[in-house]
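This is what each chain is made of:
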Amino acid sequence: MEIITERLLLREITWNDLEDIHRLHSIPEVDEFNTLGIPENLDETRELIRPEIESKKADPQNSYTWRIILKNTGDFIGLAGMTLFRDKFRLGEMYYKLLPAFWGKGYATEVTKNLIVVGFDKFGLHKVEAGVATENERSIHVLEKAGMIREGLRRKILPIRGEWKDNYHYAIVEDDPRDY
Ligand SMILES: CC(C)(COP(=O)(O)OP(=O)(O)OC[C@H]1O[C@@H](n2cnc3c(N)ncnc32)[C@H](O)[C@@H]1OP(=O)(O)O)[C@@H](O)C(=O)NCCC(=O)NCCS
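The shown structure was predicted, so the numbers you read here are calculated from the model rather than taken from an experiment.

(A) Region of interest: the nonpolar core. Core analysis: the largest hydrophobic core is formed by 33 residues, its most contacted members being Ile-68, Ala-80, Val-111, Leu-115 and Leu-143. Considering each element in turn, this core owes the most residues, seven residues, to helix 4 (residues 107-121). In this structure, Leu-115 is in contact with Ala-80, Met-82 and Met-94, ignoring residues within four places of it in sequence.

Okay, here's the thing in structure tokens:
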């Protein structure tokens with residue numbers, strides 16, 4: 001499944017993306033507020049993405065990982081994903097991460113808004129959620145620009161480099177106001 005936005009193309013990952021994903025996950029700034037940790041080698045990244053690539057075979061498919069590509073250059077700039085809970089709760093959980101060279105250009109906001117629209121219009125969701133470390137101000141700003149609402153704080157839930165960090169829970173409901 002492909003998503004086309006104003007400046008970006010989101011295509012589901014394949015094994016051809018392994019090295020780009022490894023490069024993204026190996027950057028300390030990208031991992032700063034993430035529980036993943038820096039991979040030790042390419043094999044670790046290969047095992048990490050294996051279930052994501054295999055999830056494409058499921059019917060219905062409930063987990064999507066897209067590589068984010070700049071339309072005008074074809075550059076790989078990051079990853080986005082969504083997990084669907086298609087039962088009566090109709091919930092989706094999304095995330096994104098970009099190479100630092102492409103931060104501050106509104107790309108994450110563009111991805112978030114488009115994933116929310118896809119979540120409601122294509123996947124038939126009632127609610128789209130996202131979690132974010134309370135110190136990740138850049139990402140908090142992205143979620144709020146997309147109209148997500150802070151619903152709560154989960155204390156000391158994120159294991160990050162040997163410490164337990166707090167996480168904000170953000171969400172948007174299908175009939176919440178949106179300016180897009
Ligand atoms: C979070 C991330 C995706 C943001 O990407 P991005 O493309 O720079 O986001 P955008 O450009 O769409 O928006 C960033 C906004 O935060 C603002 N911002 C930048 N630094 C900030 C800071 N230190 N504090 C508050 N806001 C900040 C920017 O000004 C911009 O807002 P504006 O458009 O109103 O000016 C990127 O930093 C990233 O990949 N981080 C590492 C992975 C990660 O943390 N993922 C999210 C997990 S929840």
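(B) Spatial organisation of the sheet that holds strand 5 (residues 91-98). In spatial order, the strands read 1-2-3-4-5-6-8-7; together these eight strands make up an open sheet with mixed pairing. With partners counted over all chains shown, the strands left at the sheet margins are strand 1 (3-4) and strand 7 (149-160), one partner each. Contacts between helix 1 (residues 18-25) and the sheet are confined to strand 3 (63-70), strand 4 (76-85) and strand 5, with strand 4 contributing the most and set at about 95° to the helix.

(C) Here's a closer look at the environment of Tyr-107. Considering the arrangement of structural elements, one finds Tyr-107 in helix 4. On the basis of neighbour counts, which here come to 22 C-beta atoms within 10 Å, the residue Tyr-107 falls in the buried class. Placed eleven residues apart in sequence, Tyr-107 and Tyr-96 show a C-alpha to C-alpha distance of 10 Å. Look past the residues within four positions of Tyr-107 in its chain and what remains in contact with it is Leu-8, Ile-77, Leu-98 and Phe-102.

Calculation criteria
Residues numbered from 1 in each chain as written. Predicted model: local features only at pLDDT ≥ 70, side-chain atom pairs only at ≥ 80, totals over all residues. Core = buried A, V, L, I, M, F, W, Y, C linked by C-beta atoms within 7 Å. Buried ≥ 20, exposed ≤ 12 C-beta atoms within 10 Å, placed from the backbone. Helix = DSSP H or I, 4+ residues; strand = E, 2+ residues; numbered from the N terminus. Contact = placed C-beta atoms within 7 Å. Pairing = 2+ DSSP bridges. Axes fitted to C-alpha atoms, helices over the stretch in contact; angles between N-to-C directions.

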